[in-house]
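Each chain, written out:
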Amino acid sequence: MSALNRNTRRRLKRLPQIPSVWEGDRRSLVTVSDQGDFDAEGNNECILWVDGSEGIVRAMDIVSSEMGPEAIVRTLLRAMEHPQSPARPARPAKIVVRDREVQFLLRGVLQELEIAIDYVPDLPLIDELFRGFEEIALQRQPPLPPKYADLLIGKAYDLWQDAPWDVLADHQILSVELNRWDVGEFYVSVMGMLGVEYGILLYRSLDSLQRFRESVVNQESVEAMEQAFLGQDCLFITYQAADEDFEDDEDVDLADLSVEEILPSFGAVHPLEGMRPFLDEEEALLVYMALEALHRFFQGSSRKLAADDFPAMNKRFRIPIPVDTEEEDTESKSTASIKVSTRPEVASELWEMAIDDDMDDEDWDEDEDDEELELPLRDDLIPKDSYLSLGMMPWESIALLQEDIDFYQSQDAPPLGEGLPVVLIQTTRPKAKVLIEQIQTAGGLKGIGFNPGEDPLVGDRYDLGILQTGDNYLYLFGEFPEADPTHTANREHWEQRCLKTKGYCGLIIARGLKGASRGNPQPKDMMAFFEARSLSVKELGLGLLQLMPVFEL
């Protein structure tokens with residue numbers, strides 16, 4: 001243990017000494033689990049220094065249980081020099097502790113400060129304070145009522161596996177009609193299609209949902225956004241990574257994590273209550289019934305919901321109410337009839353609201369656009385750090401893929417040869433969605449080709465992978481060294497397969513860049529398949545492309 005330097009001891013001796021006895025201790029904090037279970041073995045500890053004569057806390061710190069004994073000294077020095085109000089800076093006449101090791105430590109550290117350090121078996125004032133802390137912890141509202149905790153968490157994982165954000169944007173609203181427990185219907189917004197936040201919002205009224213969207217569209221300041229958020233009236237479930245060390249990296253998508261790596265959270269927002277991270281029993285029952293209905297709805301309707309148009313549809317489910325059998329002993333009382341419906345008219349209204357705002361914010365620079373049009377080859381389409389590969393997909397797999405993939409562009413490629421030559425671009429889910437939308441907006445994918453390129457400064461030559469979109473723009477998707485034997489072999493296979501398919505090829509866009517499927521995406525990871533034509537160097541018409549050095553003055 002380090003000793004105080006002489007300057008510090010002189011500074012402390014200049015403090016007035018008061019005839020008080022201070023109590024000091026370090027103890028584990030009481031915690032309560034999400035299910036409301038008492039747990040005295042926490043990872044944090046509380047250090048307290050109190051003035052026993054005055055009956056006031058002079059300093060308190062929360063530290064890790066792994067923190068060394070120096071922590072109790074640091075808190076003591078703060079209690080002397082910078083105590084909590086209303087205490088004044090001072091030295092005590094005496095200090096009492098209930099730990100022999102702490103007593104010996106302080107005797108060595110506080111030499112020359114004229115403070116008596118004694119051991120006592122009990123610390124009445126600190127004991128009373130920690131009893132109060134335990135009572136507060138035990139009375140704390142758990143995030144979920146124990147009666148419904150397991151049911152709700154299990155249903156949250158069911159919804160995670162349903163992945164409704166793969167087919168629904170946050171403006172495509174559903175309604176869940178209960179007509180029980182003082183609730184007519186919930187208006188449901190699914191978050192996650194943009195890959196930022198994942199969850200389900202259950203609005204108690206359509207007016208609350210519309211007012212929130214309108215506030216978000218019209219307000220830009222942080223304060224206004226916070227006010228809009230707290231003005232909602234809804235129950236919610238959100239998802240986070242279970243690993244506390246999970247970094248919010250733009251290249252890591254939460255949707256790529258497995259169920260075991262996900263942690264659901266529940267809560268409510270109300271204009272007068274604000275946000276609270278827990279549900280009471282009535283709310284927990286409502287959320288469970290709504291989630292169960294949504295789970296059944298998504299299981300039977302995902303294919304229809306994935307269509308380009310948000311269809312008008314509804315389904316009714318009879319769902320068991322999770323109550324004690326002795327309380328509800330008849331079939332009519334132990335089940336509830338719940339109707340789930342899509343609301344295309346609301347979705348259109350919210351979409352038009354967002355589009356109008358985007359149009360108001362656009363500031364076109366015609367000169368800049370004209371300059372971009374003159375570029376023969378652009379490199380702003382493919383996301384940075386994407387995984388790229390050339391390969392082949394068997395025709396049987398393509399037939400199955402057509403049934404399940406989110407987007408499929410057909411060019412009526414004949415099933416010739418063993419399969420279709422394909423380019424795979426694997427990136428994160430949000431970036432994949434943006435890439436797919438950009439290709440769709442550009443008129444789809446027209447062709448895929450390769451063109452020679454070189455770096456004249458070092459003499460290296462490259463095989464440049466190029467995509468041509470429907471509007472005839474050319475985009476670079478990869479630079480492959482000609483000296484790479486792996487790429488050379490892949491290019492030879494590519495050309496041979498394109499000959500067999502009479503010039504047809506394909507592009508696969510997949511998610512899962514950071515997941516276990518990196519480099520080997522499974523069918524569930526594939527988000528779009530574009531059939532296209534193979535383009536020759538002559539058809540591309542670019543000639544030998546050279547890397548031009550940029551010199552900074």
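Residues numbered from 1 in each chain as written. Predicted model: local features only at pLDDT ≥ 70, side-chain atom pairs only at ≥ 80, totals over all residues. Heavy atoms only, no water.

Engineer: Quick question: what am I supposed to make of the overall build of the protein here?
Structural biologist: When helices and strands are tallied, the protein shows 15 helices and 24 strands. Put simply, the protein has 553 residues, and 45% of those count as buried. With the model as given, the accessible surface of the protein reaches about 29,900 Å², and the carbon-plus-sulfur share is 48%. (Helix = DSSP H or I, 4+ residues; strand = E, 2+ residues; numbered from the N terminus. Buried < 20%, exposed > 50% of the residue type's maximum accessible area, 1.4 Å probe, protein only. Areas by Shrake-Rupley, 256 points an atom, 1.4 Å probe, with all protein chains shown as cover.)

Engineer: Before we go on, may I ask you to explain a negative patch on the surface in this structure?
Structural biologist: On the surface, Asp-182, Asp-280, Glu-281 and Glu-282 cluster together to form a negatively charged patch. Along the polypeptide, Asp-182 turns up in the loop between strand S8 (174-180) and strand S9 (183-191). (Patch = residues over 30% accessible without salt bridge, like charges linked within 9 Å, V, L, I, M, F, W, Y side chains within 5 Å. Salt bridge = Lys/Arg side-chain N within 4 Å of Asp/Glu carboxyl O. Lys, Arg positive; Asp, Glu negative; His and termini not counted. Charge placed at Lys NZ, Arg CZ, Asp CG, Glu CD.)

Engineer: What is the right way to look at the sheet that holds strand S5 (residues 56-64) in this model?
Structural biologist: One key point about sheets: their strands pair by backbone hydrogen bonds, in either a parallel or an antiparallel sense. Taken in spatial order, the five strands line up as S5-S4-S1-S6-S7 in an open sheet, and their pairing is mixed. Across the chains shown, the open sheet's two edge strands, defined by having one partner strand only, are S5 and strand S7 (116-119). In this sheet, neighbouring strand axes are inclined to one another by 20° on average, regardless of whether the strands run parallel or antiparallel. Sheet strands in contact with helix H3 (residues 100-109) are strand S4 (44-51), strand S6 (91-97) and S7, and its direction is about 170° off that of S7. (Pairing = 2+ DSSP bridges. Axes fitted to C-alpha atoms, helices over the stretch in contact; angles between N-to-C directions. Contact = heavy atoms within 4.5 Å.)

Engineer: Looking at this structure, I do not really get the pattern of salt bridges. What am I missing?
Structural biologist: Any two side chains of opposite charge can pair, on the condition that their charged atoms come close. Enumeration according to the criterion identifies 27 salt bridges in this entry. A salt bridge links Asp-233 to Arg-204; the shortest N-O distance between them is 3.6 Å. Of this pair, Asp-233 sits in the loop between helix H7 (222-230) and strand S11 (234-241) while Arg-204 sits in the loop between strand S10 (199-203) and helix H6 (206-218), and the two are 29 residues apart along the sequence. Judged by relative accessible area, Asp-233 falls into the buried class, the value being 18%. Taking relative accessible area as the criterion, Arg-204 reaches 31% and is therefore assigned partly exposed. Taken together, the shared-partner salt bridges in this structure form one network comprising Arg-204, Asp-233, Glu-273, Arg-276 and Glu-283.

Engineer: Explain the nonpolar core to me, please; I cannot follow it from the model alone.
Structural biologist: Within the largest apolar cluster, 54 residues are counted, with the highest numbers of intra-cluster contacts made by Leu-152, Tyr-239 and Leu-294. Non-local contacts of Leu-294, meaning those with residues more than four positions away in its chain, are made with Leu-174, Val-176, Val-188, Ile-200, Leu-202 and Val-340. Leu-467, Phe-477, Ala-528 and Ala-532 belong to the second-largest nonpolar core, a separate cluster that totals 26 residues. (Core = buried A, V, L, I, M, F, W, Y, C linked by side-chain atoms within 4.5 Å.)

Engineer: Looking at this model, I keep getting lost on the packing of aromatic side chains. Mind explaining?
Structural biologist: Any pair of aromatic rings gets described here by the distance separating the centres and the angle formed by the planes. Under the definition given, this model contains 13 aromatic pairs. With centroids separated by 6.1 Å and ring planes inclined at 65°, the aromatic side chains of Phe-297 and Phe-298 adopt a geometry described as edge-to-face. Each member of the pair, Phe-297 as well as Phe-298, carries the same accessibility label: buried. An aromatic cluster of at least three residues, connected via ring pairs, comprises Trp-160, Trp-165, Tyr-198 and Tyr-239. A cation over a ring is seen here: Arg-100 above Tyr-119, with NZ or CZ 3.8 Å from the ring centre. (Phe/Tyr/Trp six-rings, centres within 6.5 Å; stacked < 30°, edge-to-face > 60°. Lys NZ or Arg CZ within 6 Å of the ring centre and 35° of its normal.)

Without other data, these values stay purely geometric and don't point to any function.
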